[in-house]
Every structure is written in C-alpha cells, then in structure tokens.
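Structural overview for review
If you want the building blocks of each chain, they are given just below.
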Amino acid sequence: MRRWLGVLVVGAALAGLAGVAAPLAEQEAGIPVGSKAPSVSVHDLDGKPVDLGQYIGRKPVLLEFWATWCELCKELLPRVEAAHQEFGDRVEFLGVNVTVNQTPERVRRYLATNHPPFRTLYDDQGASIRAYQVPATSYVVVVDAGGKVAYTGTGGTQDIAAVLRGVTAP
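Since we're looking at a predicted model, the values are computed, not measured.

1. A few points about helix α5 (residues 160-168)
Within the sequence span of α5, burial applies to I160, A161, V163, L164, V167 and T168. Considered in projection along α5, the buried side chains sweep an arc of 160° and stay on one side of the axis. Looking at the buried side of α5, the elements it contacts are β3 (61-66), α2 (71-87), β4 (92-97), β6 (139-143) and β7 (149-153).

Structure (structure tokens):
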C-alpha cells in the first residue's frame, strides 16, 4: 500500500508539471512573495542573452513560465491578453518558455498562431526557472515597480488583472 501511495504522489507531481493537475493555490510553491526578484539572464529565440534586470525595478513585470503543450497556459492566455489590454503600457509582460520538449522553431510556430501578448524568452539553460523556483508551467510571477515579488500562482484561472491592479495602483 505504501508503495502505491508513493507512485500516486510522484504521478501527481509529474501531472502538475504537464499542466493537467488541479492548479496550486497561490504561494504554495516557488519564490516567496516579498523577496527581491532575481535579475538573471535568459536567451531570446535567436539565442541572444536577455538580462531580466533591465526590466525589474523600473515598472511592474509579469513573468509567465509556459510551454506550447501546456493546457493550463492555453486556458490562462485570454486572461493574460485582457490584462495586457488594460495594463500593457504600465506593466512589462514577459513569457519565459521552459523549453521542456520545446525547440525554438516549435515556439515560433506557436507564437505565429496564438500571438501571446508578451516578449518571449527561451530559458534553455534553466537560469530563470531555478532563480524563480518554478514549480510548473502556467506559473506567474508579478514583480512590483520596486523589484519585489508581489504575487505568484499557477493555473489557468488566475485573476491576472486583479493582481496587476494591486501593483499599478497610485
């Protein structure tokens, strides 16, 4: 019985990474809210380094860790699009592709079809994934204008607009 329980726990963890398990509640995992947002370097789709530090501390930043195969990311996309429509000039939107079973070409095809409203980064070295302690795809981190983590969460039903209202309020 104990062996089967272990198998179920491992299976649930893997399902969460694939975006098919129930979403985690906010702040159950990942970088702690209130901590300083890491300024790490990741690549863009052309392999050029992009320093996240160029965005952090200037205005609020929304980071979504996503993959083309992530069902929860697809569910979240309309909420991210709506938030971008409302806050696009006041918030920097960055989508960090986690590169699990991804190639730059596959990501480019996805972008051409789905048009997510963020600058796409390709974390083939896992630098931001480690720095932000990413527990699963559809993981969102919102960093306030002062460079502190204001929110983290996973799942397709996150209220992105409400979170951004909190970090953009005067």
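2. A short note on the pattern of salt bridges
Per the stated rule, a full pass over the model turns up five salt bridges. D89 serves as the salt-bridge partner of R90, at 3.8 Å between the closest nitrogen and oxygen. Here D89 falls in the exposed class, since its relative accessible area comes to 62%.

3. Topic: the nonpolar core
L63, F65, Y132, V141 and L164 are the most contacted members of the largest nonpolar core, which has 48 residues in total. The set of elements that each furnish at least two residues to this core consists of β3, α2, β4, α3 (104-114), β5 (119-122), β6, β7 and α5. If you tally residues by element for this core, the top one is α2, at seven residues.

4. What to know about the packing of α2 against α5
Packing of α2 against α5 leaves a shortest axis separation of 9 Å and a crossing angle of 30°. Judged on the interaxial angle alone, α5 and α2 are roughly parallel. Crossing angle aside, the handedness with which α2 passes α5 is right-handed. Mapping the contact onto sequence places L76, R79, V80, A83, E86 and F87 in α2 and I160, A161, L164, R165 and T168 in α5. Looking at the contact of α2 with α5 residue by residue, the class counts come to seven nonpolar, one polar and three charged.

5. Regarding unusual backbone geometry
The backbone phi angle of Q133 is positive, close to 55°, even though this residue is not glycine. With respect to the element layout, Q133 can be found in the loop between α4 (127-131) and β6. One non-glycine residue, S138, lies in the positive phi region at around 70°. Inspection of the secondary structure assignment puts S138 in the loop between α4 and β6.

Rules used in this analysis
- Residues numbered from 1 in each chain as written.
- Predicted model: local features only at pLDDT ≥ 70, side-chain atom pairs only at ≥ 80, totals over all residues.
- Heavy atoms only, no water.
- Buried < 20%, exposed > 50% of the residue type's maximum accessible area, 1.4 Å probe, protein only.
- Helix = DSSP H or I, 4+ residues; strand = E, 2+ residues; numbered from the N terminus.
- Arc of directions from axis to C-beta.
- Contact = heavy atoms within 4.5 Å.
- Salt bridge = Lys/Arg side-chain N within 4 Å of Asp/Glu carboxyl O.
- Core = buried A, V, L, I, M, F, W, Y, C linked by side-chain atoms within 4.5 Å.
- Axes fitted to C-alpha atoms, helices over the stretch in contact; angles between N-to-C directions.
- Parallel < 35°, antiparallel > 145°, perpendicular 65-115°, else oblique.
- Left-handed = near helix turned anticlockwise from the far one by under 90°.
- Nonpolar A, V, L, I, M, F, W, Y, C, P; charged D, E, K, R; others polar.

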